[in-house]
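# What the coordinates show
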Amino acid sequence: MRTLLALVAAAFSCLVPVLPAHATGLPSGLSSDLSYDFEDGTTQGWGPRGDGVSVTVTPDAARTGSGGLAVTGRTATWHGAAITAPFARGVGYTVTAYARLAAGQPASTIAMTVQRTPTGGETTYERVAAATVTDGGWVRLSGSYLFTAESTGVQLYVESSDATSQYHLDDIVVTPLGDPTREPITSDFEDGTAQDWSPRAAAVLETGTTAHTGAHALTVTGRSASWDGPALNVLGRMGKGDKYALSVWVRLGPDTAAGKLGLSIERHTGGTPSYERVVAPKDVPAGQWVQLSGAYTLAYDVDFLSVYIESDTGTFPFHLDDFTLTYVEPEPIQTGLPSLKDEVPFTMGSAFTRPDTLGVHGQLLAKHFNGVTPGNELKWDATEPREGEFTFTDGDYLVDWATEHGMTIRGHTLAWHSQTPDWVFENATKDVLLQRLERHVRTLVTRYKGRIAVWDVVNEVVDENQPDGLRRSKWYEIAGLDFIRTAFRTAHEADPAAKLFINDYNTELPRKREALYKLVKQLKDEGVPIDGVGHQLHLNIEHPPAADVEATIERFAGLGLDQQVTELDVSIYTDFVSTYDTIPPELLLQQGYRYKELFDVFRRQAARLGSVTVWGESDDVSWLRSWPITRLNAPLLFDDDLQAKPAYWGVVDPSKLDPLVRKLEAPAGVIKVDGKRDPEWDLLPDAPLARVGDVSAGFQARTATTGSPAHAATTSSLARPGTTSGLYVLAEVTDRTVNKDDRVTFTVDGRSRTLTRTSPGVRPTATGYRVEALLAGGTDVQLTVRDRTAETTWTGRITPAPAVKHTTAPHRPTPPVLDGAVDRTWTGAPEVRTATRIQGTTGATARVRALWSGPTLYVLAQVTDPTLSEQSANPWEQDSVEIFVDPGNGKTKGYTDDDGQYRVSFTGRITVGGTFDAAGVKDHIRAAAAPVPGGYVVEAAIDLPTITLGEGTLLGFDVQVNDATGAARTSAVTWNDATSRSYLDTSHWGVLRLTR
Ligand code: XIL
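The following refers to the structure shown. (Residues numbered from 1 in each chain as written. Predicted model: local features only at pLDDT ≥ 70, side-chain atom pairs only at ≥ 80, totals over all residues. Heavy atoms only, no water.)

## Points about the overall build of the protein chain
A count of helices and strands for the protein chain gives 13 helices and 54 strands. By principal-axis analysis of the C-alpha atoms, the protein chain measures approximately 125 × 70 × 70 Å. Burial statistics for the protein chain: of 996 residues in total, 53% are counted as buried. Of the contacts formed within the protein chain by residues at least 6 apart in sequence, a portion of 72% connects residues at least 24 apart. For the protein chain, the computed accessible surface area is about 41100 Å², with 52% contributed by carbon and sulfur atoms. Positive and negative charge centroids in the protein chain, built from 91 and 123 side chains respectively, lie 8 Å apart. (Helix = DSSP H or I, 4+ residues; strand = E, 2+ residues; numbered from the N terminus. Buried < 20%, exposed > 50% of the residue type's maximum accessible area, 1.4 Å probe, protein only. Contact = heavy atoms within 4.5 Å. Areas by Shrake-Rupley, 256 points an atom, 1.4 Å probe, with all protein chains shown as cover. Lys, Arg positive; Asp, Glu negative; His and termini not counted. Charge placed at Lys NZ, Arg CZ, Asp CG, Glu CD.)

Below, the structure written as structure tokens:
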């Protein structure tokens, strides 16, 4: 009963028009009504229009009260009473008025009209309302009005079809409707209707009672395709350059077990449809309401605009409820800040796309940047989607915009394996492919000749994991190196003045650096017209250290080429999986220091760096919001509201940054304090103190444990026993000039100890000196390393940790046979046990041995696990052994491209994890498994082609045993890593040392 009443009430309220607010008589404002009642005896701004016309206030002409307007003396239809119209451009109004004719006048049509002159156009006359009026009574005139073009002389007037009609006017009310682009749209379906949602194709929309809130939601069935579903026409409800927050709740229909739903926008510009994702399809677990929320900035003039919900695949039914679309008022940009471009000794660039030129984003770009790179608009898919059909609408727009703003433009990119249409490679012989390439390159470079200063001629062609260092793209497979040669030659012919670059990511990683170096050198030696190397520098908050970036720039400096940083950003994540709902502020501070260290490098290397470009001006537009997964990321210098982040201050004025408290673990360990680097230190990497002036350093600590030497020996057999409690510290100082002021000061919990080059425990090294010391224990540590003119510091908190486990793998000239049988080759290889429990309290464990032969590591795991299951679809929930190998023992948070997670199930099924797609390692494992009473044996061979194995080689190494019961994992145990994060993070794996 109650439901029915509510429904009737809701339906009724829908039908009744919203009554205009009571006329207030206040001066005109966007939010309040304006009424003309003439009760004060004045014409309230109304005056005559036309020669001889008179407009006066008299009681005779009053409809209410004692004043109304009498209009007399008219001799033309357009004569009458007029006022400068109280209308603002882009705002809609309703206008009502009452009119009657003076006694004795014949009936006529009285109309309210607006006259205005659009800038650069003809004067227009637009009717607002009209009615037939007599002298017999008051007639209400009512209509609405909106104008959008810049105009002058905007006048509201009242005319009559009879040239001489004398009429009376009273109670004129102008009510602003509000700007439709500022009004929120909500759909709650509580009135039992689809509330203007309509199907995109065959889908059926009905209201139903499976609701997120209230009693009703929309049910969508009968979809004909993944894109078929509910759509809402929002044309006129979004302003160009304006940002909107969109949100909707969705839930799978009954009997649908899983599905992904997303929110998109269909827009037509000049009749051509485009489809833009607001929220990429995301998992909607069965039986749950999931919110899809995102932001959208309308960047185009549109003649069609619609919001819709689609699935990634499939036509399953779903429900939706509580849709909202709300205008997001932009925060003004901070105009008082120093402009980035004035603070750096090179061109300061940003990637940009069309929306970035509008509103506050455009202002931010113009204020801070003197260089730009179109983010997508010059790529092949954007410029030549079909053979010979070139489209430059967006490219031209961006190039024009940048030119008008006096910015240098980087053209990105001519040949790439990604964002390139399939047709390019279809039926392509080498000749055909090179012809297509040549035409494409020539067309683009010629079009923008003299305007685009620098081209990324080829992008991402290096793959350091290939024997020849070249990516196996379709370009390469069909045309070999000739695609690179052709692209450069053609670009050079088309615009000899343009600077031609080869651009790539990970150029700061030593192996990729060398592969690229080799290629560039070869191209140069061949006479290919290559001017420069672009370092993308998509980095993360931890890795790699700024010193590696500097080493790369120095390496290429030897080739005498120009260099540019082309796509800088600093992800707050170190892996491809994690997500934050809100970003911890200390991470943004850490990012500020990271940017400082990077810009210290760029400034030092300014003679070699023509420009530094960040990949987006503000976090809200970063590509890292959707790559490699959809997640909150904040990799740039300005935040979502375009306000300066610590990262900005790291670039402009690091003294404005709050102090940073870093974190470091000090595993238990024993060090002989003599200035010789103990093998114990090599178990972990040195934490970097970035270079300042000419001094830099690496730092480590170990917790000295009290107890017997025997205890120390078992926890750390590489180290010599010792019994003193405290903190062992190591500083590897790079400082090539010996000076009496050179010193290192450790402050632990307020107690300082300073060592110079001549102190005990200090020895010279090839690049400076090494300090070892044993300090009284503590947690708050500051390390300051000084030379005569500069100092670099590390401030942080040290936490004790268990000793890093390590073992050895002996060499065998002949490798074991991979059959799951423990042959004699294994005899003599030390055995370790998995005993670090990360899930459950009991369960399968393994005894593990390792050895090496040639370039290959062999691992034997003898697993105790009486009940075996492969039921789960997830390999890590099956009975299995995971072997973790980090060839450089880099101990990075996150995997670098030769780090691998190799999993072998008890039946010998192999799965591999690593970076993003594990491309660098996935073919490196062979394995066999065999059942034995009470368990199974895994024998694996893992090729390590990125390093040379030898006596003393250290590998990051760990082993994990997954124990399944039915379709679930019920326990997991590792050798060393207690964090449960081995699959994401290599920093807590143990160490394997190769011996002869
Ligand atoms: C990115 C764009 O920013 C995204 O909008 C697009 O969806 C994918 O490409 N390396 C490159 C750039 O060279 O072209 C990429 O740009 C980011 C990685």
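Having seen the structure, we can now continue with the description.
## Let's talk about the sheet that holds strand β5 (residues 80-84)
Here five strands make up an open sheet; going across it, the order is β2-β5-β10-β7-β8 and the pairing antiparallel. A strand with exactly one partner marks an edge of an open sheet, and here the two such strands are β2 (47-49) and β8 (124-133). Here the average twist between neighbouring strands, direction ignored, is 30°. When β5 meets strand β10 (residues 151-160), the two strands line up antiparallel, connected through four bridges. Paired with Ala82 across the two strands is Tyr157, which belongs to β10. (Pairing = 2+ DSSP bridges. Axes fitted to C-alpha atoms, helices over the stretch in contact; angles between N-to-C directions.)

## Quick word on the sheet that holds strand β36 (residues 743-748)
Across the sheet, five strands lie side by side as β32-β41-β40-β36-β37; this open sheet has mixed pairing. Of all the strands in the sheet, the pair left with one neighbour each is β32 (662-667) and β37 (751-756). For this sheet the average axis-to-axis angle between neighbouring strands, irrespective of direction, equals 25°. Alignment of strand β40 (residues 780-786) against strand β41 (residues 791-801), held across seven bridges, turns out to be antiparallel. Pairing of Arg786 across the sheet is with Glu791, part of β41.

## Looking at helix α5 (residues 393-404)
An ideal rise of 1.5 Å per residue puts 16 Å on twelve residues; α5 measures up with 16 Å between its terminal C-alpha atoms. Along α5, the residues classified as buried are Gly395, Asp396, Leu398, Val399, Trp401 and Ala402. Where α5 is buried, its residues contact β23 (347-352), α3 (359-368), β24 (371-374), β25 (408-415) and α6 (430-447). Of the residues trailing α5, Gly406 is marked for its positive phi of about 65°. (Expected span 1.5 Å × (residues − 1).)

## Observations concerning the site of the ligand
Close to the ligand lie Asn376, Lys379, His412, Trp416, Gln419, Asn459, Glu460, Gln536, His538, Glu567, Trp615 and Trp623, which account for all nearby residues. Interatomic distance of 3.2 Å between a side-chain N/O atom of Gln419 and an oxygen atom of the ligand. Within the side chain of Glu460, one N or O atom sits 3.2 Å away from a nitrogen atom of the ligand. Contact with the protein chains removes 75% of the 410 Å² of surface that the ligand exposes when unbound. Class assignment of the residues belonging to the shell around the ligand gives a composition of three nonpolar, six polar and three charged. (Near = heavy atom within 4 Å. Polar contact = N/O pair within 3.5 Å; in protein donor to acceptor, adjacent residues only side chain to side chain. Nonpolar A, V, L, I, M, F, W, Y, C, P; charged D, E, K, R; others polar.)

## Quick notes on the pairing of strand β16 (residues 230-233)
Judged from the three bridges that link them, strand β13 (residues 197-199) and β16 form a sheet pairing that is antiparallel. Across the sheet, Trp197 pairs through a bridge with Leu232, a residue of β16. Bridge analysis of β16 against strand β21 (residues 304-311) gives three bridges, and the strand direction is antiparallel. Residue pairing across strands places Asn233 opposite Ser306, the latter belonging to β21.

## Re the packing of aromatic side chains
The final tally for this structure, using the stated rule, is 30 aromatic pairs. Seen in terms of ring centroids, Trp475 and Phe483 are 5.6 Å apart; in terms of plane orientation they differ by 20°. Their pairing is stacked. The exposure class assigned to Trp475 is buried, which follows from its relative accessible area of 0%. Centre to centre, the rings of Tyr573 and Tyr580 are 5.4 Å apart; their planes meet at 25°, and the pair counts as stacked. Judged by relative accessible area, which is 4%, Tyr573 ranks as buried. Owing to a relative accessible area of 32%, Tyr580 belongs among the partly exposed residues under this scheme. Aromatic rings pair up to connect Trp380, Trp423, Phe425, Trp475 and Phe483 into one cluster. For Arg182, the ring lying beneath its charged end belongs to Tyr327, and the centroid distance is 3.7 Å. (Phe/Tyr/Trp six-rings, centres within 6.5 Å; stacked < 30°, edge-to-face > 60°. Lys NZ or Arg CZ within 6 Å of the ring centre and 35° of its normal.)

## Section: the environment of Val441
Here Val441 lies in helix α6. Given the relative accessible area of 0%, Val441 is considered buried. Contacts of Val441, omitting those with residues within four sequence positions, involve Leu414, Ala487, Thr490 and Ala491.

Function cannot be inferred from these measures alone, as they are strictly geometric.
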